[in-house]
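Structure assessment
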Amino acid sequence: MAKTGKARAHTNIALIKYWGKADEALIIPMNNSISLTLDKFYTETRATFDAAFTKDTFFLNGEEANEKETQKISAYLDLVRERAGTELKARIDSTNFVPTAAGLASSASAFAALAAACNEALDMGLSNQDLSRLARRGSGSACRSIFGGFAEWEKGHDDASSYSHPIDADHWEDELSMIFVVINNRSKKVKSRTGMSLTRNTSRFYQYWLDHVEADIAEAEAAIQEKDFKRLGEVLEANGLRMHATNLGAQPPFTYLVADSYEAMSLVHECREAGIPAYFTMDAGPNVKVLVQKKDQQAVIDKLTSYFAPEQIIASDIGIGIEILDEEDAL
């Protein structure tokens, strides 16, 4: 008899970044990080385990995935099977509602949804903390997508101690919005995993980054508790720029930013000069994300579209955590 579970998870944006792993195999980061989960971008996944299956299969957006992608999912399912005490093979059906153009890695929502669907299908009874640990083994940032709103990933020192937890903001996140400035969606010359490793191992600036992250975490946490938008914006902006600076100190040096990335940053500065609080951050890519208060969202969009095309601007509210879907919910 088939065992099935379905779940939805949203992707997230790191406000205080993690950059570099202390343990590549277990995906344990060098530092803590803080994120915001997003409403607009998510993944829905159905996991079906059945004794009749002779191998794992993986379908993405309705099409069977290639061998390399399927092997990655199967390796992750081995971790699930070990935890659940089963040898059942599975069929995974996953649908991404994460536009490629947004420059958002869908791996965070994908592995969070997969972990939750497997937990449901196999009656594993995992807590959200345990789910966070399990999702982390697929993609580091996935451990934060278990939770809605603000979340902090505790770096830990082993598999048991590295997980995320929600940060209670008394619904302040309902007043916030994230605007994406899509610069381009071309493949990166330096993949995120490669960039992390190269920077950690060779950058002259990397220790400076590590020396300041704990202070950034404390500052961001205080700003969230006090609902101080300016304080949060200033620390997330500084943290993002400091992360990107580490890449320039790597051997060889590299950067993810392009001319239009700097133009977007300049427009955000102009918003602040005009009395509209807005703060930018960038992940391992050229696209710029702008944190704003909902009441200022349209004004910031208007400023950004003075240079960028309207289709390059995507706005999202703040999202919720893991959702378990009923059988009739369509993927």
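Throughout this description, residue numbers start from 1 for each chain and increase along the sequence as written. Confidence filtering applies because this is a predicted model: local features only for residues at pLDDT of at least 70, side-chain atom pairs given and counted only at 80 or more, and all residues used for totals across whole chains, interfaces and linings. Heavy atoms throughout the structure, all of them, feed into the side-chain values; hydrogens and water do not.

What makes two strands pair is DSSP finding at least two bridges between them. Here a strand is any run of E in DSSP of at least two residues, a helix any run of H or I of at least four, and the numbering for each starts at the N terminus. Where strand β5 (residues 57-60) and strand β7 (residues 89-97) come together, 4 bridges link them in parallel fashion. Paired with Thr57 across the two strands is Arg91, which belongs to β7. In the sheet, β5 pairs with strand β6 (residues 63-64) via 2 bridges, with the strands oriented antiparallel. Bridge pairing in β6 links Phe59 to Glu64. In this structure, the hairpin formed by β5 and β6 is closed by a connection of 2 residues, where Asn61 is found at a positive phi of approximately 55°.

The sheet built from 4 strands is open, its strands ordered β11-β12-β10-β13 with antiparallel pairing. Strands with a single pairing partner mark the edges of an open sheet, and in this sheet they are β11 (278-281) and β13 (313-317). The mean angle between the axes of side-by-side strands here comes to 25°, regardless of whether they run parallel or antiparallel. Both strand β10 (residues 176-181) and β13 contribute to a ladder of 5 bridges, which runs antiparallel. Across the sheet, the residue bridging to Ile179 is Ala315, located in β13. We call two residues in contact when some of their heavy atoms are within 4.5 Å. Axis definition: a line fit to C-alpha positions, over the contact stretch in the case of helices; interaxial angles, taken between N-to-C directions, run 0 to 180 degrees. Of the strands in this sheet, β10, β11 and β12 (288-293) touch helix α6 (residues 229-248), which is tilted by about 25° from β11. Its contacts with the sheet put helix α7 (residues 259-273) on β10, β11 and β12, and the angle it makes with β11 is roughly 160°.

This part takes up the packing of aromatic side chains. Each aromatic ring pair is summarised here by two numbers: the centre-to-centre distance and the angle between the ring planes. Between 30 and 60 degrees the pair is tilted, below 30 it is stacked and above 60 it is edge-to-face, where a pair is any two Phe, Tyr or Trp rings, Trp via its six-membered ring, whose centres lie within 6.5 Å. The full count for this structure, using the stated rule, is 9 aromatic pairs. For the ring pair Phe41 and Phe180, a centre distance of 5.1 Å and an interplane angle of 80° mean the geometry is edge-to-face. With Phe41 in strand β4 (residues 33-50) and Phe180 in strand β10, this residue pair connects regions lying 139 residues apart in the sequence. Accessibility assignment for this pair places Phe41 and Phe180 in one class, buried. The interplanar angle of 75° and the centroid separation of 4.8 Å between the aromatic rings of Tyr307 and Phe308 together place this pair among those described as edge-to-face. Overall, Tyr307 belongs to the partly exposed group, its relative accessible area being 43%. Take Phe308: its relative accessible area is 2%, and that puts it in the buried class. Grouping aromatic residues by their ring pairs yields a cluster made of Trp19, Phe254 and Tyr256. Lysine and arginine charges are scored as sitting over a ring when NZ or CZ, respectively, is within 6 Å of the ring centre and within 35 degrees of the ring normal. Cation over ring: Arg91 sits above Phe59, and NZ or CZ is 3.9 Å from the ring centre. Each residue gets one of three labels from its accessible area relative to the maximum for its type: buried under 20%, exposed over 50%, partly exposed in between, using a 1.4 Å probe on protein chains only.

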